[in-house]
Amino acid sequence: MSIIELCGLSKSYRVYQKQEGLLASLRGLFRREYRDVHAVRGIDLRVEQGEFVAFLGPNGAGKTTTLKLLSGVISPSGGEARVMGHVPWKRENAYRRRFALVMGQKNQLWWDLPAQESFRLHQQIYRIAPEQFARTRDELTGMLGIGNLLRQPVRELSLGERMKMELTAALLHSPDVLFLDEPTIGLDVVAQHKIQQFLKYYQQHRQITILLTSHYMKDVAALCRRVVVIAKGRIEYNGSLNGIIDSFSGHKVVTLQFATDQSSAGLERFGQIVEDQPPRAKLRVERSALTRTLAAILAQYAVEDVVVEDPPLEEVIASLFTQVERDSGAEAQAASGTDSADASTAGVA
Amino acid sequence: MEGMQYLRVFLTFARNSLIRDMTFRANFILESIASLCWMLGNLGFYALIFTHTPYIGRDSGWGQYEFFVFLSTTMFVNSLVQTFFMANVDEFSELIRTGGLDFALLKPIDTQFVISLRKIDWSSLVNFFAGAGLLVISLHKLSVRPDNPLHVSPTMVALYFIYMLCGVAILYSLMIGLSATSIWLGRNQTLYDFWFYITNFSRYPMEIYSGTWGRPLRWVFTFAVPVLVVVNVPARILAQPLRPNSSLSFSLAAFAIVATVASLLGSRWIFNRALLSYRSASS
């Protein structure tokens, strides 16, 4: 049996549409207009024990909502989910003792106290035996390099240090399942790398199951073998990271190095020119027409070198998001009155 | 085992709050002084009233020192509510608004317990001791008066403290129940402010609610929203033990227990219902 199972999971909200202006506000006291926001629209997913799965998607895609549903923080509008055999939103203590949720944008440590005081509270809430607590705490803070900061009030820590403390707090009770919601948001490259290294080691070492949402492709590439792309509350892709390119990119990028006296004129017949800096040119070529196109180019031009590449992953994902955005926009117009969550198209960076 | 866990967590809440308060020492001292001043102002006001009249209401049995027993009971109840619950309930609607409630929901411990007791405001406890001082003085004055001196028995003291805790429980229930409504009402909107208006009625002996206007009020604030029993019942046990209408006092005391249990259960029901509707603010 899979450790995490989602079946037709969905969540919608009713949101009060506030109109602009004082008069409209007064009218709103008596008659309110609501809009349904479908944050998650029927997600089916299985995750096996020991997997490290990434959720990718634009803002408002439903990633965080899914994690919140799986943590039992909110209840779904439909569908089912089981994590380690528990229905999350029943909030049984037996379940809550076995998972953790870390949110990069919210902190749970006492702001004015040293982190170790919050850790002690966790020890009591999760009923961790004193020796085990001390061992786990020292191990985690040692790995993250924050052992010397335990006595400093949390408010005086840097963002990166605080995130490491948050991670430590979440892992003190040695959860079997870990949900990470943008754990490296706003961190500098060094801190990001450190947290990636830590998560990678910890996950492999303990064989726990982790679901991660992140906007940083580096996080995802470094950590996860499986990627689930969510957009507009639906799963658009579920598979390996590189498989995204195969599934969603219809073209390859061909870089041509011309002989010195060769002009690149007329190249646009073969594909869209991305870059033209004689004697080098880059163009996008339909994947299906690749060999034919290459042969034609080589026959007509004096070419010294050819490189054929996949387009950058970020680009593929960004265009995938935009496409989904456009499709659902048309869908929403057809069924007017319902619209989806945050319309931002910001993609992965 | 379970009970021990809760006790330990509570003690750690208490300890962490104290550490935090001590970090901001000046603030702690100022807050203590402020609440003490507010209380002294109150006491002064009533002392002033009693320079004009020997009692509140003819034959009501509330002379100056009986009323001061009542006043110190108000101080006890309020200071306990403020020390343990007010800051937390205050923050509850904020947690709902900002999504901070998420973390409380993740913990393998009763959510209402964590929400209600996570921070303890030690500076408010100063009124508890001030109230104790006032109570001792008032009881002494009552027990040495020549006419009908008061005898305080250990049973009375025990009942007094039990009913005082019942009073705290009723005010707390009302507070958390009203505050939980912000889950439904949304941003910055809560019925919590009503708590202050409603509990105002508990600060006076119930005898003053008489006549055309008073009777309905007395009925509402005894049976519908039982804030009148909060201070009145414990205060009567000490200050009015030998009243001729003691049978009324007895049924009132029995009712106070029922009201306490009903309030606690009711507020827990509202709290749990509210959590079901919790939406958690954006990431």
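**Some remarks on the overall build of chain B**
Next, step 1: When its secondary structure is counted, chain B shows 12 helices and 0 strands.
Next, step 2: Starting at the N terminus and walking to the C terminus, you meet the elements of chain B as α-α-α-α-α-α-α-α-α-α-α-α.
Next, step 3: Scaling as 2.2 N^0.38, a compact globule of 283 residues should have a C-alpha radius of gyration of about 19 Å, and chain B matches this with 20 Å.
Next, step 4: Here the C-alpha coordinates of chain B stretch approximately 70 × 45 × 40 Å along the principal axes.
Next, step 5: A burial count over chain B gives 49% of its 283 residues as buried.
Next, step 6: Total accessible area on chain B stands at roughly 13600 Å², and carbon and sulfur atoms take up 68% of it.
Next, step 7: For chain B, the distance from the average position of its 20 positive side-chain charges to the average position of its 14 negative side-chain charges is 2 Å.

**Observations regarding the interface of chain B and chain A**
Next, step 1: The partner chain A presents 33 residues to the 34 residues of chain B that form the contact.
Next, step 2: Carbon and sulfur atoms supply 57% of the area buried between chain B and chain A, which totals about 3200 Å² over both sides.
Next, step 3: Joining chain B to chain A, the criterion identifies 4 salt bridges.
Next, step 4: Among the salt bridges present, the one from Arg127(A) reaches Glu2(B), with a minimum N-O distance of 2.9 Å.
Next, step 5: In this assembly, chain B and chain A are joined by 13 residue pairs in polar contact (both at pLDDT 80 or more).
Next, step 6: Among the secondary structure elements, those contributing two or more residues to the side of chain B that touches chain A are α1 (2-23), α4 (101-106) and α12 (246-276) of chain B.
Next, step 7: Tallying contributions element by element places α1(B) first for the side of chain B that touches chain A, with 12 residues.
Next, step 8: Taken together, the residues that form the side of chain B that touches chain A break down as 14 nonpolar, 11 polar and 9 charged.

**What about empty space enclosed by the protein?**
Next, step 1: Considering all chains together, one arrives at 2 cavities of 30 Å³ or more under this definition.
Next, step 2: Taken as a whole, the largest cavity holds about 50 Å³ of empty space.
Next, step 3: For the largest cavity, the full set of lining residues is Ala100(A), Leu101(A), Gln108(A), His122(A), Tyr126(A), Ala169(A), Ala170(A), His173(A), Phe103(B), Leu106(B) and Lys107(B).
Next, step 4: For the lining of the largest cavity, the secondary-structure elements that each account for two or more residues are β5 (99-103) and α6 (159-171) of chain A together with α4 of chain B.

**Thoughts on the pattern of salt bridges**
Next, step 1: Inspection of every chain in the model, using the stated rule, returns 21 salt bridges over all chains.
Next, step 2: Between Glu315(A) and Arg284(A) there is a salt bridge, with the nearest N and O atoms lying 3.5 Å from each other. Of this pair, Glu315(A) sits in helix α11 (residues 313-334) while Arg284(A) sits in strand β12 (residues 280-286); the two residues are 31 residues apart in sequence, bridging distant segments of the chain.
Next, step 3: Using a relative accessible area of 28% as the deciding quantity, one classes Arg284(A) as partly exposed.
Next, step 4: Here Glu91(B) ties to Lys119(B) by a salt bridge, and the two come within 3.5 Å at their closest N and O atoms. With Glu91(B) in helix α3 (residues 64-98) and Lys119(B) in the loop between α5 (111-117) and α6 (126-143), this pair connects stretches of sequence that are 28 residues apart.
Next, step 5: A cluster of three or more residues bridged by salt bridges with shared partners is formed by Asp112(A), Arg155(A), Glu156(A), Arg20(B) and Asp21(B).

**Some thoughts on the side chain of Glu182(A)**
All names here are of chain A.
Next, step 1: One can find Glu182 in the loop between β6 (177-181) and α7 (189-206).
Next, step 2: Although Glu182 lies buried, it forms no salt bridge, and the closest oppositely charged side chain, Lys63, sits 4.7 Å away as judged by the N-O distance.
Next, step 3: When neighbours within four sequence positions are excluded, Glu182 is seen to be in contact with Gly104, Gln105, Thr213, Ser214 and His215.

**As for the side chain of Ser93(B)**
Next, step 1: Tracing the backbone through its elements, the reader meets Ser93(B) in helix α3.
Next, step 2: Discounting residues that sit within four places of it in the chain, Ser93(B) has contacts with Ser179(B) and Ser182(B).

**Some points on the domain arrangement of chain A**
Size of an interface: often given as the accessible area lost when the parts come together.
Next, step 1: Here chain A is described as being made up of domain 1 (4-98 + 175-245) and domain 2 (250-309).
Next, step 2: Its C-alpha centre places domain 1 of chain A at a distance of 42 Å from the equivalent point of domain 2 of chain A.

**Overview of the layout of surface pockets**
Next, step 1: Here the second largest pocket defines a volume of roughly 570 Å³.
Next, step 2: Together, 25 residues line the second largest pocket, and Asn107(A), Gln108(A), Leu109(A), Leu95(B) and Arg118(B) are the ones closest to its centre.
Next, step 3: Put simply, the parts of the chain that give the lining of the second largest pocket at least two residues each are α4 (115-125) of chain A together with α1, α3, α4 and α5 of chain B.
Next, step 4: The biggest single contributor to the lining of the second largest pocket is α4(A), with 4 residues.

**Regarding the nonpolar core**
Next, step 1: Ile4(A), Phe179(A) and Leu101(B) are the most contacted members of the largest nonpolar core, which totals 171 residues.
Next, step 2: With 16 residues, the single largest contributor to this core is α3(B).
Next, step 3: Not counting residues up to four positions away in its chain, the partners in contact with Ile4(A) are Leu45(A), Arg46(A), Val47(A), Leu70(A), Arg82(A), Val83(A), Val177(A), Phe179(A), Thr209(A) and Leu211(A).
Next, step 4: Leu267(A), Ala281(A), Leu290(A) and Ile297(A) belong to the second largest nonpolar core, which has 12 residues in total.

**Here we look at the sheet that holds strand β9 (residues 234-240) of chain A**
Residues and elements named next belong to chain A.
Next, step 1: Pairing is mixed across the open sheet formed by 6 strands, whose spatial order is β5-β6-β7-β3-β8-β9. Edge positions in the sheet fall to β5 and β9, since each of these pairs with one other strand and no more. Between one strand axis and the next, the sheet turns by 15 degrees as a mean value, whatever way the strands run.
Next, step 2: Both strand β3 (residues 52-56) and strand β7 (residues 209-213) contribute to a ladder of 4 bridges, which runs parallel. Directly across from Phe52, in β7, lies its bridge partner Ile210.
Next, step 3: Taken strand by strand, α6 contacts β5 and β6, and its axis lies near 165 degrees from that of β5.

Each value, and the rule that gives it
Residues numbered from 1 in each chain as written. Chains lettered and ligands numbered in written order. Predicted model: local features only at pLDDT ≥ 70, side-chain atom pairs only at ≥ 80, totals over all residues. Heavy atoms only, no water. Helix = DSSP H or I, 4+ residues; strand = E, 2+ residues; numbered from the N terminus. Rg over C-alpha atoms; globule rule 2.2 N^0.38 Å. Buried < 20%, exposed > 50% of the residue type's maximum accessible area, 1.4 Å probe, protein only. Areas by Shrake-Rupley, 256 points an atom, 1.4 Å probe, with all protein chains shown as cover. Lys, Arg positive; Asp, Glu negative; His and termini not counted. Charge placed at Lys NZ, Arg CZ, Asp CG, Glu CD. Contact = heavy atoms within 4.5 Å. Buried area = accessible area lost by both parts, 1.4 Å probe. Salt bridge = Lys/Arg side-chain N within 4 Å of Asp/Glu carboxyl O. Polar contact = N/O pair within 3.5 Å; in protein donor to acceptor, adjacent residues only side chain to side chain. Nonpolar A, V, L, I, M, F, W, Y, C, P; charged D, E, K, R; others polar. 1 Å grid on protein atoms, 1.4 Å probe; cavity = no way out; pocket = protein on both sides within 12 Å on 5 of 7 lines; lining within 4 Å. Points joined across faces, edges and corners; volume = space filled by probe spheres on them. Domains from an automatic or database assignment. Core = buried A, V, L, I, M, F, W, Y, C linked by side-chain atoms within 4.5 Å. Pairing = 2+ DSSP bridges. Axes fitted to C-alpha atoms, helices over the stretch in contact; angles between N-to-C directions.

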